[in-house]
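Single-letter residue listing:
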Amino acid sequence: MDKSIPVEKNDCIEAVCEDLTHDGSGVVKIDGYPIFVPGVLPGEKASIKIIKVNKGYGFGKLVDILERSPFRVDVSPEEAHKYGGCQLQHISYEGQLNSKENLVRQAMARIGKLENAAIHPVLGMENPWNYRNKAQVPVGQKDGKLIAGFYKPRSHEIIDTDESLIHLPEVNEAIKVVKEICSKLEIQPFNEEKHTGILRHIMARYGKESGELMIILVTRISDLPHKSHLVEKILAALPNVRSIIQNINTKKTNVILGEKTKVLWGSDVIYDNIGDVKFAISPLSFYQVNPVSTKVLYDKALEYAGLTGKETVIDAYCGIGTISLFMAKKAKKVYGVEIVPDAVKDAKRNASLNGITNAKFEAGLAETVIPKWYEEGIVADVFVVDPPRKGCDSTLLETIIEMKPKKVVYVSCNPATLARDLRILEDGGYQTKQIQPVDMFPHTTHVECVAEIVLK
Ligand code: SAH
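Residues numbered from 1 in each chain as written. Predicted model: local features only at pLDDT ≥ 70, side-chain atom pairs only at ≥ 80, totals over all residues. Heavy atoms only, no water.

J.: Account for the site of the ligand, naming residues and giving values.
T.: Inspection of the region around the ligand gives 17 residues, with Tyr298, Thr322, Glu338, Ala366 and Asp386 positioned closest. Here an oxygen atom of the ligand and a side-chain polar atom of Glu338 are 2.7 Å apart. Within the side chain of Glu367, a nitrogen or oxygen atom sits 3.1 Å from a nitrogen atom of the ligand. Relative to its unbound accessible area of 580 Å², the ligand is 90% covered by the protein chains. (Near = heavy atom within 4 Å. Polar contact = N/O pair within 3.5 Å; in protein donor to acceptor, adjacent residues only side chain to side chain. Areas by Shrake-Rupley, 256 points an atom, 1.4 Å probe, with all protein chains shown as cover.)

Pasting the structure below:
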């Protein structure tokens, strides 16, 4: 037995939860040794069974709650299915917002070592249910029947569900209808283990403002039986459909979408609006999933940018040009860069759709395209970044530090990498003025932030 570890496997302990991890697990400590316990909330006293001990930390299973948090809400198994495995479903919305703020504060203190940045309370949603404009449900088989829903947490077992509390009603309806049609037409569900079958995922994307619906069927092979029947039945059941797409993903991978798409019916894009900007969205392009909070986030980004009409803006990681076009109306010139070629095509199309002529887009890696622009003499006054979870590439941060834009607006979906990158920018002569967390993903552990950073 290792003397430095105060518990052993199968021990039953009583302890008070001190904290939540970034994935929503409770943390209790015994003589400073942290034990992660899913399901227990900060402030709660619980009895816990130790199920695993590692050198620096262990894992426990919640047996009983002895003192209950005022933020706890009871969720029945049926309701839990409707939450699709959301990690924070057992916490009231107020409690969720507190815990997200805490997460951001901790990341900024521990990783970012930021001293002077104001961190604001999370801007939450008025109605934090039925917000997602996109669903992507895995398809499988159980007892000879096609099933689709969500993966049981930490497993590849699919739980069959027809309604999600976080999807928009139109999205729920679309998934349910397409699932029934595929089942009736006996389209073979995917078998992940054997890598057989056809239908891997059903996706629906809905423009909340436009009312336009896109259905995407992700298949393992390009052959999709009963294609014309499938299209006919979908159109009959879902009058809002503007586009039916087949995406082919032949690989043994967790990544949902493959590279190849075919239009089975209708348009190759759907349209949607954010504020007064109209966007074309193609199947492989990134588009924010919470239209209500996105508007709040982009308005904040615009406010932090402080544009007067004279500025040159660079928007790295620009996607379909959402933030770029929001800013273009208030800036002299905007340059956007994005790795996914289809998204860049969308961005260009979106500029002309909105009569915007002062935005230029290029496909490529932000960390190679922007240094090239800089050599060509393009210098930003305001630099916007909105990277994926892993944060900004270090070359890109070096380019920013060399270019010295007066202001950096950092939009981030991961407080840990945001904090890391802010430290690099601070060491390079910048100061983080304020950080505004926005709740784009109620009931999940995710939190989005926008930060205003100024040149010292
Ligand atoms: N600003 C957009 C997109 C943000 S998501 C919006 O709000 O809608 C991040 C985007 O960065 C994705 O579109 C992704 O394809 C792109 N991306 C990821 N790595 C990149 C890189 N190294 N260089 C450029 N773009 C990248």
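Next, the rest of the story.
J.: Which residues make up the environment of Phe441, and what values go with them?
T.: Within the secondary structure, Phe441 sits in the loop between strand 21 (430-438) and strand 22 (448-455). Phe441 gets classed as buried once you look at its relative accessible area, which sits at 15%. Along the sequence, Phe441 and Tyr410 sit 31 residues apart, while their C-alpha atoms lie 18 Å from each other. If sequence neighbours within four positions are ignored, Phe441 has contacts with Lys100, Tyr131, Val289, His446 and Glu448. (Helix = DSSP H or I, 4+ residues; strand = E, 2+ residues; numbered from the N terminus. Buried < 20%, exposed > 50% of the residue type's maximum accessible area, 1.4 Å probe, protein only. Contact = heavy atoms within 4.5 Å.)

J.: Just give me the short version of empty space enclosed by the protein, but keep the residues and values in it.
T.: Within this structure, the stated rule accounts for one cavity of 30 Å³ or more. Quantified by volume, the largest cavity comes out at close to 50 Å³. Along the walls of the largest cavity sit Leu20, Thr21, His22, Gly24, Leu88, Ser99, Lys100, Leu103 and Thr445, which together make up its complete lining. A per-element tally of the lining of the largest cavity places helix 2 (residues 93-110) first, with three residues. (1 Å grid on protein atoms, 1.4 Å probe; cavity = no way out; pocket = protein on both sides within 12 Å on 5 of 7 lines; lining within 4 Å. Points joined across faces, edges and corners; volume = space filled by probe spheres on them.)

J.: So what's going on with the UniProt feature "domain: TRAM" (unreviewed entry) in the protein chain? Which residues, and what values?
T.: Under the local residue numbering, the UniProt record ascribes the feature "domain: TRAM" (unreviewed entry) to residues 6-64. End C-alpha to end C-alpha, residues 6-64 measures 21 Å, and it is 0% helix and 63% strand. (UniProt positions renumbered as here; feature names shortened; annotations may be inferred.)

J.: Quick one: what's the story with the packing of helix 9 (residues 394-403) against helix 10 (residues 415-427), residue by residue and with numbers?
T.: For the pair helix 9 and helix 10, the least separation of the axes is 10 Å and the interaxial angle reads 30 degrees. For the pair helix 9 and helix 10, the sense of crossing is right-handed. Along the contact surface, helix 9 presents Leu397, Ile400 and Ile401, while helix 10 presents Asp421, Ile424 and Leu425. In terms of residue class, the contact of helix 9 with helix 10 is built from five nonpolar, no polar and one charged. (Axes fitted to C-alpha atoms, helices over the stretch in contact; angles between N-to-C directions. Left-handed = near helix turned anticlockwise from the far one by under 90°. Nonpolar A, V, L, I, M, F, W, Y, C, P; charged D, E, K, R; others polar.)

J.: Please give an account of the sheet that holds strand 12 (residues 241-248) that cites residues and values.
T.: On the basis of which strands lie adjacent, the open sheet formed by seven strands has the order 9-8-7-10-11-12-13 and mixed pairing. Edge positions in the sheet fall to strand 9 (158-160) and strand 13 (260-266), since each of these pairs with one other strand and no more. This sheet shows a mean twist of 35 degrees between the axes of neighbouring strands, independent of strand direction. In this structure, strand 11 (residues 213-219) lies alongside strand 12, joined through seven bridges in parallel fashion. Note that in strand 12 the partner of Met214 across the bridge is Ser243. Contacting strand 7 (134-142), strand 8 (145-151), strand 9, strand 10 (199-206) and strand 11, helix 3 (residues 169-184) crosses the sheet at an angle of about 150 degrees to strand 10. (Pairing = 2+ DSSP bridges.)

J.: Break down the pattern of salt bridges for me, with residues and values.
T.: Counting across every chain of the model gives 20 salt bridges. Between Lys100 and Asp439 there is a salt bridge, with the nearest N and O atoms lying 2.8 Å from each other. Here Asp439 lies in the loop between strand 21 and strand 22 and Lys100 lies in helix 2, a separation of 339 residues in the sequence. Residue classification places Asp439 among the buried residues on the basis of a relative accessible area of 0%. Linking Asp160 and Lys179 is a salt bridge whose minimum nitrogen-to-oxygen distance equals 2.8 Å. Of this pair, Asp160 sits in strand 9 while Lys179 sits in helix 3; the two residues are 19 residues apart in sequence, bridging distant segments of the chain. On the basis of relative accessibility, which here comes to 33%, the residue Asp160 falls in the partly exposed class. (Salt bridge = Lys/Arg side-chain N within 4 Å of Asp/Glu carboxyl O.)

J.: Give me the lowdown on the UniProt feature "active site" (unreviewed entry) in the protein chain, citing residues and values where you can.
T.: Listed under "active site" (unreviewed entry) in the UniProt record, and renumbered for this structure, are Cys413. Tracing the backbone through its elements, the reader meets Cys413 in the loop between strand 20 (407-412) and helix 10. With residues up to four places along the chain from it excluded, the contact list for Cys413 reads Pro387, Pro388, Arg389, Val447 and Glu448.

J.: Give a description of the layout of surface pockets that names residues and reports values.
T.: There is about 520 Å³ of room inside the second largest pocket. Mapped by element, the contributors of at least two residues to the lining of the second largest pocket are strand 1 (12-20), strand 2 (25-30), strand 3 (33-38), helix 2 and helix 10. The element that contributes the greatest number of residues to the lining of the second largest pocket is helix 2, accounting for four residues. For the lining of the second largest pocket, the class distribution of residues is eleven nonpolar, seven polar and six charged.

J.: Describe the domain arrangement of the protein chain, naming the residues involved and giving the relevant values.
T.: For an interface, size is often stated in terms of accessible area lost upon the parts coming together. Examined at the domain level, the protein chain breaks down into domain 1 (12-67), domain 2 (98-126 + 290-455) and domain 3 (134-274). On a C-alpha basis, the centres of domain 2 and domain 3 stand 32 Å from each other. Contact residues are listed per partner, giving twelve residues for domain 2 and six residues for domain 3. Taking both partners together, domain 2 and domain 3 bury about 660 Å²; carbon and sulfur atoms supply 74% of that area. Residue Arg349 is joined to Asp268 by a salt bridge in which the shortest nitrogen-to-oxygen separation is 3.7 Å. For the pair domain 2 and domain 3, the number of links is zero residue pairs in polar contact (both at pLDDT 80 or more). Elements that contribute at least two residues to the side of domain 2 that touches domain 3 include exactly helix 5 (291-305), helix 6 (322-328) and helix 7 (341-353). The leading source of residues in the side of domain 2 that touches domain 3 is helix 5, at five residues. The residue inventory of the side of domain 2 that touches domain 3, partitioned by class, reads six nonpolar, three polar and three charged. (Domains from an automatic or database assignment. Buried area = accessible area lost by both parts, 1.4 Å probe.)

J.: Explain the pairing of strand 5 (residues 58-67) to me, using residue names and the numbers behind them.
T.: Two faces belong to every sheet, and in a regular strand the side chains alternate between them. Sheet analysis places strand 3 next to strand 5, joined by two bridges and oriented parallel. If you follow Ile35 over to strand 5, its bridge partner there is Gly58. In this sheet, strand 5 lies alongside strand 4 (residues 45-53) in antiparallel orientation, the contact comprising eight bridges. The residue bridging Ile50 from the neighbouring strand is Gly60, located in strand 5. Counted along the chain from strand 4 to the antiparallel partner strand 5, the turn is four residues long.

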